[in-house]
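One-letter residues, chain by chain:
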Amino acid sequence: MDFRDIHRTLLSKLDAVEDRKRDHVFFYFIIDGHEHRATKLSHSARGQMDDSLVSLVARQLRLKKQELSSLVDCPLGKEQFFQLWSERRGWLRSPTYPD
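Throughout, a residue's number is its position along its own chain's written sequence, starting from 1. The predicted nature of this model means local features are confined to residues of pLDDT at least 70 and side-chain atom pairs, given and counted, to a pLDDT of 80 or more, with totals for whole chains, interfaces and linings taken over all residues. Hydrogens and water are ignored here; the side-chain numbers use all heavy atoms of the structure.

Counting from the N terminus, the helices are DSSP H or I runs at least four residues long and the strands are E runs at least two residues long. In terms of helices and strands, the chain carries four helices and three strands. Ordered by position from the N terminus, the helices and strands of the chain form the series α-β-β-β-α-α-α. C-alpha atoms define the radius of gyration, and 2.2 Å times the number of residues to the power 0.38 defines the globule rule. Relative to the globule expectation of 13 Å for 99 residues, the C-alpha radius of gyration of the chain, 13 Å, shows essentially globular dimensions. Reported as C-alpha extents along the three principal axes, the dimensions of the chain are approximately 40 × 30 × 20 Å. Partly exposed residues are those whose accessible area sits between 20% and 50% of the maximum for their type, while under 20% is buried and over 50% is exposed, using a 1.4 Å probe and protein chains only. Going through the 99 residues of the chain one by one, you find that 41% of them count as buried. Residues are treated as being in contact if the distance between any of their heavy atoms lies within 4.5 Å. Considering only intrachain contacts with a sequence separation of at least 6, the fraction spanning at least 24 residues in the chain is 42%. Where accessible areas are quoted, they stem from the Shrake-Rupley method and a 1.4 Å probe; at the residue level, only the protein chains shown are allowed to cover. Accessible area for the chain stands at about 6,100 Å²; split by element, carbon and sulfur atoms hold 48% of it. In the chain, the 17 positive side-chain charges and the 15 negative ones have mean positions that sit 4 Å from each other. Here Asp and Glu are counted as negative and Lys and Arg as positive; His is not counted, and neither are the chain ends. A charged residue contributes its charge at one atom only: NZ of Lys, CZ of Arg, CG of Asp or CD of Glu.

On to the side chain of T9. Note on placement: T9 falls in helix α1 (residues 3-13). By relative accessible area, T9 is classed as buried at 8%. Aside from chain neighbours lying at most four places away, what touches T9 is L14, L71 and V72.

Residues enter a nonpolar core if they are buried and are Ala, Val, Leu, Ile, Met, Phe, Trp, Tyr or Cys, with the set joined through side-chain atoms within 4.5 Å. Core analysis: the largest hydrophobic core is formed by 26 residues, its most contacted members being I6, F29, L61, L63, L68 and F81. Of all the secondary structure elements, the ones that give two or more residues to this core are α1, β2 (24-31), β3 (34-42), α2 (51-60), α3 (65-73) and α4 (78-89). Not counting residues within four places of it along the chain, the set of residues in contact with I6 comprises M1, L41, M49, V57, L68 and V72.

Now for α4. Spacing of three or four residues puts side chains on the same side of an α-helix, whose turn is 3.6 residues. To estimate how far a helix should extend, the number of its residues minus one is multiplied by 1.5 Å. When the terminal C-alpha atoms of α4 are compared, their 16 Å separation across 12 residues agrees well with the 16 Å that a helix rising 1.5 Å per residue should span. When we look at burial in α4, the residues that qualify are K78, F81, F82, L84, W85 and S86. Buried residues along α4 sit in contact with α1, β2, β3 and α3.

Turning next to the packing of aromatic side chains. Stacked, tilted and edge-to-face are the three classes applied to pairs of Phe, Tyr and Trp rings, where Trp contributes its six-membered ring and a pair requires centres within 6.5 Å; stacked means planes under 30 degrees apart, edge-to-face means over 60, and tilted covers the rest. Using the criterion set out here, one finds six aromatic pairs in the structure. A centroid spacing of 5.0 Å and a plane angle of 70° characterise the contact between F81 and F82, whose relative ring orientation is edge-to-face. Comparing F81 with F82, the two get one shared label, buried. In textbook terms, an aromatic cluster arises when at least three aromatic residues are bridged by ring pairs, as seen for F29, F81, F82 and W85.

This is the structure we're talking about:
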């Protein structure tokens, strides 16, 4: 999996907000008017991600590695992702997700 693929998926598919002002690039979801940190990547990240980093990003997004791959490769859609994400965060009600 390539860093650009993750970056593109977070921004264009999941409508994450990117914050480049820190030591890493942070990605947030705005849900019901609140920021929720999704994950972070290094500013210098290029090329293929090693397996341990893919696992870390998947865990931060509350996904299994296979689900992250499905998200990047498109079988897992935005609505399905946010359903999994909210269930795994333990939310009891259904929040309003970005359009």
